[in-house]
Amino acid sequence: MIPVSQALDELFNLVSPLHIEHVALRDANNRVLAQTQYATRTQPPFAASSMDGYAVKGAEVEDDCMFKVIGESAAGHGWDGTVGAGQAVRIFTGAPVPKGADFVVIQEDVKVRGNLITLCRDIGQKDNIRPAGVDFLEGNPMTAPHKLQPADIALLASMNIAQVPVYRRPIVALISTGDELVMPGQTPEPDQIIASNTFGLAAMLENLGAHPRILPIARDNEASLRTAFDLAKGADLVITIGGASVGDHDLVAPVAAELGMKQSFYKVAMRPGKPLMAGKLGDMAMVGLPGNPVSAMVCGTIFIAPMIRAMLGLGRSASPQRSVALSAPIGANGPREHYMRGFADANGVHSADQQDSSLLSVLSQSNVLIVRPPNDPTRDIGECVNVMDI
Ligand code: AMP
Ligand code: MG
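Residues numbered from 1 in each chain as written. Chains lettered and ligands numbered in written order. Predicted model: local features only at pLDDT ≥ 70, side-chain atom pairs only at ≥ 80, totals over all residues. Heavy atoms only, no water.

> Kindly report on the site of ligand 1, identifying the contributing residues and their values.
Residues in close proximity to ligand 1 total 15 residues, the closest being S176, E180, S196, G243 and G291. Contact distances for ligand 1 include 2.9 Å between a nitrogen atom and a side-chain N or O atom of S176. Within the backbone of G291, an N or O atom sits 3.1 Å from an oxygen atom of ligand 1. Burial of ligand 1 by the protein chains amounts to 77% of its free accessible area of 490 Å². (Near = heavy atom within 4 Å. Polar contact = N/O pair within 3.5 Å; in protein donor to acceptor, adjacent residues only side chain to side chain. Areas by Shrake-Rupley, 256 points an atom, 1.4 Å probe, with all protein chains shown as cover.)

Here is the structure:
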C-alpha cells in the first residue's frame with residue numbers, strides 16, 4: 001500500500017499534456033488556453049465618454065457658466081471637429097470624446113435652452129472619460145495555460161481574437177464491470193442494481209473538460225472484459241470501475257495484465273478507495289477504480305481530476321484544499337488517510353453521520369470531503385480541518 005501523494009505522483013507519470021488544437025471562440029468556454037494570446041488592439045481605442053452629457057474643456061467648467069452646443073458624438077458615430085472655447089458637444093456613453101474636449105458634464109448637471117447649455121453648481125472633478133487603453137493595450141497578454149471562463153471569453157472577444165489554441169480534450173473510456181449492473185432506464189432483475197458510477201464520473205469528467213465515453217458494461221468474465229478493453233482503444237485514459245479487489249469475480253487486474261498492462265501500483269492507503277490500481281496499457285493510461293459508488297467518485301476527485309488537469313496542460317497538482325473550522329466534533333482517524341463526506345456552510349463544516357462508501361444519497365447531500373491525515377486525533381468544534389470542494 002502506498003500513500004495518496006505517492007499514488008498521485010505515479011499517476012502523473014502516466015500522462016502528459018495533449019496536443020494543441022484551434023477552436024472558434026464560441027467553442028472555447030471551459031477549454032484550456034494552450035498558448036499565450038496578445039491583444040490585437042487597444043480598448044477602448046479612443047478616449048470614450050462613460051456618461052450621457054456634454055463634452056467641454058475642463059478648464060472652463062464653472063458654476064452657472066454657459067456653452068454653445070455645436071455637434072453630437074454618439075456611440076459608433078464620432079464627431080470630427082475640435083471643441084473650442086465656450087463650446088460643447090452633445091455626447092453619449094461609449095462615444096469618442098472629440099478633440100479639444102477633456103471633460104464630460106453629465107446631462108443631469110445641465111439646463112438646456114435651444115443650442116445653449118448652462119451648468120449647475122458644484123459639478124465636481126470627475127471627468128467621466130475612459131482614457132484610451134484603460135482596459136488593455138495592443139499586445140497585452142492573456143497568459144497560458146489558463147482554463148477559459150466566461151469573463152475570459154469576453155476579454156478574448158474584446159481583444160479581437162476569434163480562434164483560440166486549446167489543449168485537446170482527453171478522451172476517457174469508462175468501463176463498468178459486474179454481472180449485477182444494468183444501465184439507467186433498463187429494468188433490473190431482482191438481484192441487479194443500476195450502474196451509477198459511470199454516469200457520475202462521466203459528469204465529473206465533462207466538468208473537468210474531458211470527453212468521456214461510456215462503454216457497454218463488462219460482465220464478470222474474461223471475454224467480456226477483453227471486449228471492453230478492446231472498445232476502449234483510442235482513448236487517452238481508460239477507467240475501469242469495480243472488479244478490482246481480490247474476490248473470485250475480480251478480474252480487472254488479471255485481464256489487464258494479460259493484455260500487457262504495466263502496473264504502476266495497486267492499493268492506496270486511503271478510505272474510501274483502497275483497491276485502486278493504475279498502469280499503462282499500450283499508449284493509454286489505465287486506472288482501476290473501486291466499485292463502491294462513493295469510493296469511485298472520491299477517487300475521481302482525488303486522482304482522476306488532477307490527471308485530467310495534467311493532460312490539459314495545467315500542471316501536476318493535487319486537487320485544492322482549504323481550511324475550515326468544524327461546526328461539530330469528529331472522532332479520531334485510523335491509519336489510512338480518510339476523505340469524509342461533509343457539509344460546509346457559513347457556520348463551518350460537519351461530517352455526515354454515515355460514512356459507508358456505498359451511500360450516494362450521503363455524497364449527494366455533501367459539498368466537501370473532509371481530509372483526515374492518518375491517525376488524526378479527535379477534533380473539537382472550532383478546530384480547523386482541510387476540505388476539498390466537490
Ligand atoms: P466490486 O469492486 O466489483 O466488488 O464492487 C463493489 C461494490 O460496488 C459492489 O456492491 C458493486 O455492486 C458496486 N458497483 C460496482 N460497480 C458499480 C457501478 N458502476 N455502479 C454502481 N455500483 C457499482
Ligand atoms: Mg464487481
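> Quick one: what's the story with helix α2 (residues 150-158), residue by residue and with numbers?
Among the residues of α2, those classed as buried are D152, I153 and L156. Taken end-on, α2 shows its buried residues confined to a sector of 100°, consistent with a single buried face. Within α2, the exposed residues directed more than 90 degrees away from the buried face are P150 and A151. Looking at the packing, one finds that the buried side of α2 touches β3 (37-38), β12 (141-142), β13 (146-147) and β14 (163-167). Trailing α2 by a residue or two, N160 shows a phi angle of about 60°, which is positive. (Buried < 20%, exposed > 50% of the residue type's maximum accessible area, 1.4 Å probe, protein only. Helix = DSSP H or I, 4+ residues; strand = E, 2+ residues; numbered from the N terminus. Arc of directions from axis to C-beta. Contact = heavy atoms within 4.5 Å.)

> Before we move on, could you go through the pairing of strand β27 (residues 368-372) and cite the residues and values that matter?
Most of β27 sits out of view: five of its five residues are buried. Burial along β27 is two-sided: V368, I370 and R372 and L369 and V371, pointing in opposite directions, are all buried. When strand β25 (residues 337-345) meets β27, the two strands line up antiparallel, connected through five bridges. Within β27, the residue paired with Y339 across the bridge is V371. Where β27 meets strand β28 (residues 384-389), four bridges bridge the pair, whose relative direction is antiparallel. Counterpart to I370 in the pairing with β28 is V387. (Pairing = 2+ DSSP bridges.)

> With reference to specific residues and values, describe the environment of H350.
Tracing the backbone through its elements, the reader meets H350 in strand β26 (residues 348-351). Overall, H350 belongs to the partly exposed group, its relative accessible area being 32%. Each C-alpha atom, one on H350 and one on I330, is 7.9 Å from the other, the two residues being 20 residues apart in sequence. Among residues more than four places away in sequence, those in contact with H350 are S327, A328, G342, F343 and I370.

> Could you give an account of the sheet that holds strand β20 (residues 262-266), naming the residues involved and the relevant values?
The six strands lie next to each other as β18-β15-β19-β23-β22-β20, forming an open sheet whose pairing is mixed. This sheet does not close on itself; its edge strands, each paired only once, are β18 (211-214) and β20. The average undirected angle you get between the axes of adjacent strands in this sheet is 20°. Strand direction decides the pairing type here: strand β15 (residues 171-176) and strand β19 (residues 237-241), joined by five bridges, are parallel. Considered in β19, the bridge of S176 is made with I241. Contacting β20, β22 (277-281) and β23 (284-289), helix α1 (residues 4-12) runs over the sheet at an angle of about 165° to β20. (Axes fitted to C-alpha atoms, helices over the stretch in contact; angles between N-to-C directions.)

> Tell me what's going on with unusual backbone geometry, and back it up with residues and numbers.
In the segment running from Q43 into P44, the intervening peptide bond is cis, with an omega of -10°. The omega torsion of the bond from R271 to P272 falls at -10°, within 30 degrees of zero and hence cis. Inspection of the secondary structure assignment puts P272 in the loop between β21 (270-271) and β22. Phi angles above zero are rare outside glycine, and N30 is one such case at about 70°. Mapped onto the elements, N30 comes out in the loop between β1 (20-24) and β2 (32-33). Residues other than glycine seldom take positive phi values, yet D122 does so here, at roughly 55°. With respect to the helices, strands and loops of the structure, D122 is situated in the loop between β10 (116-119) and β11 (129-130). With relative accessibility at 68%, the residue D122 sits in the exposed group.

> Pulling in residues and values, what's your account of the domain arrangement of the protein chain?
Segmenting the protein chain into domains produces domain 1 (4-17 + 169-311), domain 2 (20-43 + 137-167), domain 3 (48-130) and domain 4 (322-389). Here the C-alpha centroids of domain 3 and domain 4 sit 61 Å apart. (Domains from an automatic or database assignment.)

> Mind laying out the nonpolar core, listing which residues take part and the relevant values?
Formed by 50 residues in total, the largest nonpolar core has its most connected members in L237, F303 and I308. Secondary-structure elements contributing two or more residues to this core are α1, β15, α3 (197-208), β19, β23, α6 (293-311) and β27. Per element, the largest residue contribution to this core is 13 residues, and it comes from α6. Setting aside anything within four residues of it in sequence, one finds F303 in contact with V4, A7, L8, L11, V268, M270 and L276. By size, the runner-up hydrophobic cluster in this structure holds 20 residues, among which are L215, V255, A256 and M286. (Core = buried A, V, L, I, M, F, W, Y, C linked by side-chain atoms within 4.5 Å.)

> Can you break down the packing of α1 against α6 residue by residue, with the values?
Running from amino to carboxyl end, α1 crosses α6 at an angle of 35°, the nearest separation of the two axes being 10 Å. Crossing handedness for the pair α1 and α6: right-handed. Listed contacts from α6 to V4, A7, L8, L11 and F12 of α1 are I302, F303, P306, M307 and A310. (Left-handed = near helix turned anticlockwise from the far one by under 90°.)

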